[in-house]
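Chain and residue survey
One-letter residues, chain by chain:
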Amino acid sequence: MEYEVAEATHYGRDSFLNLESGQSVNSDETSHGVRLEMSAIEVSSLEKSYGPLKAVDGISFSIRKGEVFSLLGPNGAGKTTTIEILEGLRQRDGGTVSVLGDDPWAKGYELHKKLGIIPQGFTFFPKATPREAVIYYSTLFGVKTDADAILRKVILDDASKVYFENLSGGQKQKLGLALALVNNPELLFLDEPTTGLDPQARRNMWDVIRGLEKEGHTIMLTTHYLEEAELLSDRVAIMNHGKIITDGTPAEIIEKQGSGERLEVRGDQRLADYVRDKTGFDVTYRSGLVSVRLRNTRDAVTALSNIDSSGLPWKDLRTRQDSLEDIFVKLVGGSLEEGGTITGPSDKSETNVENN
Amino acid sequence: MVHPSRILADLKVFVRGYTRSKIGLFFSLVFPIILILLFGAIFSGGGGGPINVYVENQDPNGLASQAFVHALNNNSTTTVTLVSQDQNLSQYLLAHSANQGVLIPQNFTYDYSHNITVSVTVYANPADTSSPILYETVNGIVTSFNTRGSPHLSISVQQLSIKSQSYKYIDFLIPGLVGFSVLTSPMFSLVNISSEYKKTKLFKQLSLTPLTKTEWLTSKFIWYVVLGIISFVLMTQVGAALFGSHLNYALMIIPFLVIGPLFFVSLGMLVGMISKSVESAAVVGNLITFPMMFLSGTFFPVSQMPMYLQNVAHVLPLFYLIDGLNQVMIYNNFGQALFDLELMVALSAIVFVLAVVFFKWRED
């Protein structure tokens, strides 16, 4: 018998019988165990409007030194406006903002010497090469830099003499990152650094960002790739319509907003009914996938035992808990398409119903 | 605070981009040379169309003098522009970069009707190919008057040279095209750059570095001064080598080659910044640039244009740049050149301030 796995599981946090639900990262440490000290960024009741549109509606959050913090949300959620206010590129309408102890609008010029920024849709002079770009930025910042070493760090040394206009999308973004690193910044703002990149280029960029985190850089990331945020971030905030609708570590958010851990096997509706009848557990069937909601590790053993004794065909055993994608769909009421466009739940369910 | 090292770094990266794109270099350096070759070749053998003649009629109420002016204005070779009686025609012609003029004396009608010999004076530049045509035309009218009025020759023609030195069309063309180059290179480039950088948010990116707006503008200004000087040297050398132009080279030329780019870099920047899109910036830029290009004495002396167009020319900043270069390079008239320069400095200061005010790295 052939079974189809629903696309909804694609972004799931898969783990083979890894039942660790309930554990969360200590709030004083990053997921990599780096001890955090004072805040790099403090935002309180931040507001910004464009005419009648309230782009940022009284949000508050803080980012501790040494952590990777991601701001998630669909297009128009207010992410870029927020990050541009923090970068000192836009003036806020209300609230207070402190970046490395300074007001970014008032002290932007001095502050930029301590910041590394990749703006959304990074671009550069079309006829300049990455090597020239790094030397140019080094001179502007008044620092001595080994251009080749920086380009090696972002894995761009093989294209160091190619004109910017001839670089691929991923290479252009890497150059943006290289330029953001020229002044050895305390704090990095990466505004959608992987948007539009192919999966391989995106993974390359993730490797570079992980390397920077290990070096102890504080990183604020905006993205609409939930998988990216989940993989890279110590803490995440989800924005929609100018407000932060939830925040915390990915594990905290999943624990707080998710529906817990599930055991899943490929099977048919009869198997789902059998396990439900025998165990009384919350069992669902959808698109060839039987899903059993677990409350503890004993539930997993009981469910598995009943699946095995049913005599019905099954395969591909795994446990799974809600991903950020699942949480996002639940909170925002849709999922994110490539480019940050939000798709309504009805669109999503239509694509997933196959064997019903 | 302005840092020379940052200006130099920005200049380096800009010049590299400029020279690598080739298009900019073509329009800055090669295109004006092509225009010199083209116009030089076309007009080296004489021009076409009616010759504009400045006529000072000191006998405005006399019937004969009026008939003379009418005859001069109603033939296929000359048209008349009347000059006020209180002008010194010779000086007036110099000031208006004009090569042809006719002076009708106060007692013209009286002398003509009483068979007393009277002279009309033709002012002409012997080197100008139009001058013999004017002389022949005036001669023809005089002959006609003498035949009709009296058996005696009562009108004679006196020919005066307006300059001791002879000038050719190419001598007027070169300062005009230097002005053309000083106008077009920075204008087209800055209009495009500023609107494009605004659209692609490159300005926003630059604002994240210690580079200041003034440093960025300064590096562009320096490049267009250098480009203007290179263009000037190329054009004057080509003009001299191929068409035998001979112009005066004085230090006074340098301020014009500096203030011109400052004005047009600022104006281009201003147009780019106040325009909503790259496309609208290009339209506004062209609306400003093209009338200036053709009406400021770039290809033909302004004095040869109809009076209403001359009035238009006098409100165009490029006119004062080209006129200043003409005054230095052709007429050795440093007084008038200084006036043009002062005007350009004042205009440049205003436009520069406006450009800086409207030039925004960041958004409110």
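Thresholds, definitions, all that
Residues numbered from 1 in each chain as written. Chains lettered and ligands numbered in written order. Predicted model: local features only at pLDDT ≥ 70, side-chain atom pairs only at ≥ 80, totals over all residues. Helix = DSSP H or I, 4+ residues; strand = E, 2+ residues; numbered from the N terminus. Buried ≥ 20, exposed ≤ 12 C-beta atoms within 10 Å, placed from the backbone. Contact = placed C-beta atoms within 7 Å. Nonpolar A, V, L, I, M, F, W, Y, C, P; charged D, E, K, R; others polar. pLDDT = per-residue confidence, 0-100. Pairing = 2+ DSSP bridges. Axes fitted to C-alpha atoms, helices over the stretch in contact; angles between N-to-C directions. Domains from an automatic or database assignment. Core = buried A, V, L, I, M, F, W, Y, C linked by C-beta atoms within 7 Å.

In terms of regular secondary structure, chain B is built from 14 helices and five strands. For chain B, the C-alpha atoms occupy an extent of roughly 90 × 40 × 35 Å along the three principal directions. Burial statistics for chain B: of 364 residues in total, 46% are counted as buried. Long-range pairs, those at least 24 residues apart, make up 81% of the contacts in chain B between residues at least 6 apart in sequence.

If you tally the helices and strands in chain A, you get twelve helices and 16 strands. The burial tally for chain A puts 45% of its 356 residues in the buried class. Contacts in chain A between residues at least 24 apart in sequence constitute 69% of all its contacts with a sequence separation of at least 6.

Size of an interface, as often reported, equals the accessible area lost when the parts are brought together. Each partner contributes residues to the interface: chain B has 21 residues there, and chain A has 20 residues. Among the elements that line the side of chain B that touches chain A, the one with the most residues is helix 1 (residues 4-21) of chain B, at eight residues. Looking at side-chain class alone, the side of chain B that touches chain A contains six nonpolar, seven polar and eight charged residues.

When pLDDT is averaged across chain B, the result is 85; 91% of the residues are at 70 or more. We note a pTM of 0.71 for the whole complex and an ipTM of 0.71 for its interfaces.

Below, the discussion takes up the sheet that holds strand 9 (residues 235-240) of chain A. All names here are of chain A. Spatial ordering of the open sheet is given by 6-7-8-4-9-10, a layout of six strands whose pairing is mixed. Bordering the open sheet on either side are strand 6 (115-118) and strand 10 (243-248), each of which pairs with just one other strand. Averaged over all pairs of adjacent strands, the angle between strand axes in this sheet comes to 15°, irrespective of strand direction. Bridge count for strand 4 (residues 68-72) against strand 8 (residues 218-223) is five bridges, and the pairing is parallel. If you follow Leu72 over to strand 8, its bridge partner there is Thr223. Across the sheet, helix 8 (residues 250-257) is in contact with strand 9 and strand 10; its angle to strand 10 comes to roughly 110°.

Moving on, we get to the sheet that holds strand 5 (residues 94-99) of chain A. Residues and elements named next belong to chain A. With respect to topology, three strands assemble into an open sheet ordered 3-2-5, the strand pairing being antiparallel. Edge positions in the open sheet fall to strand 3 (53-64) and strand 5, since each of these has one partner strand only. Neighbour-to-neighbour, the strand axes of the sheet open up by a mean angle of 15°, direction not taken into account. In terms of strand pairing, strand 2 (residues 39-50) meets strand 5 through five bridges, oriented antiparallel. Its bridge partner being in strand 5, Glu47 is matched across the sheet by Gly94. Contacts from helix 1 (residues 79-87) reach strand 2, strand 3 and strand 5, with the element oriented near 120° to strand 2.

Residue and element names in this part refer to chain A. By the assigned domains, chain A splits into domain 1 (7-20 + 258-352) and domain 2 (39-255). Listed per partner, the contact involves 15 residues of domain 1 and 16 residues of domain 2. Top contributing element to the side of domain 1 that touches domain 2 by residue count: helix 11 (residues 324-332), with six residues. Across the side of domain 1 that touches domain 2, the residue classes break down as eight nonpolar, five polar and two charged.

With that settled, consider unusual backbone geometry. Note: most residues except glycine have negative phi, and most peptide bonds are trans. A positive phi angle, near 50°, is found at A:Ser287, a position not held by glycine. Here A:Ser287 lies in the loop between strand 12 (283-286) and strand 13 (289-293). Overall, the presence of 17 C-beta atoms within 10 Å leaves A:Ser287 in the partly exposed class. At B:Lys201, a residue that is not glycine, the phi angle is positive and equals roughly 65°.

Here we come to the confidence of the model for chain A. Residues and elements named next belong to chain A. For chain A, the mean per-residue pLDDT works out to 82, and 83% of the residues sit at or above 70. A low-confidence stretch, residues 1-36 (pLDDT under 50), is modelled with 65 contacts involving residues beyond four sequence positions or located in other chains. For the stretch residues 345-356, pLDDT sits under 50, and the model shows 16 contacts to residues farther than four places along the chain or on other chains.

Take the pairing of strand 2 of chain A next. Residue and element names in this part refer to chain A. As paired strands, strand 2 and strand 3 are joined by nine bridges and run antiparallel to one another. Bridge pairing in strand 3 places Leu46 opposite Ile59. Hairpin connection between strand 2 and strand 3: a loop of two residues separates the two successive antiparallel strands, and Gly51 in this loop has a positive phi of roughly 60°.

The next subject is the pairing of strand 13 of chain A. Residue and element names in this part refer to chain A. Judged from the five bridges that link them, strand 11 (residues 261-266) and strand 13 form a sheet pairing that is antiparallel. The residue of strand 13 that forms the bridge with Arg266 is Leu289. Relative to strand 13, strand 12 is paired through four bridges, and the arrangement is antiparallel. Looking across to strand 13, one finds that Tyr285 is bridged to Val290. Linking two consecutive strands that pair antiparallel, namely strand 12 and strand 13, is a turn of two residues; a positive phi of about 50° is found at Ser287 within it.

The next subject is helix 11 of chain A. Every α-helix winds through 3.6 residues per turn, so residues three or four apart in the chain are directed the same way. Residue and element names in this part refer to chain A. Taken across its nine residues, helix 11 has seven buried, putting it largely inside the fold. Considered for burial, the residues of helix 11 that qualify are Leu324, Glu325, Asp326, Ile327, Phe328, Val329 and Val332. Phi turns positive one or two residues past the end of helix 11, at Gly333, with a value near 90°.

Moving on: the domain arrangement of chain B. All names here are of chain B. Here the domain parsing of chain B yields domain 1 (4-42 + 168-358) and domain 2 (51-161). Taking only C-alpha atoms into account, the centre of domain 1 sits 40 Å from that of domain 2. Counting from both sides, the interface comprises eleven residues of domain 1 and, opposite them, eight residues of domain 2.

Residue and element names in this part refer to chain A. Looking at where Ala178 falls in the secondary structure, it is placed in helix 5 (residues 169-181). Separated by 47 residues in sequence, Ala178 and Arg131 place their C-alpha atoms 9.8 Å apart. Setting aside residues up to four positions removed in sequence, Ala178 forms contacts with Pro130, Val134, Ile150, Leu151, Val154 and Leu156.

Bringing the nonpolar core into the picture now. Residues A:Val134 and A:Ala178 are the most contacted members of the largest nonpolar core, which totals 145 residues. Here the element with the most residues in this core is helix 7 (residues 169-200) of chain B; it accounts for 16 residues. By size, the runner-up hydrophobic cluster in this structure holds 25 residues, among which are B:Val69, B:Leu103, B:Ile104 and B:Ala124.

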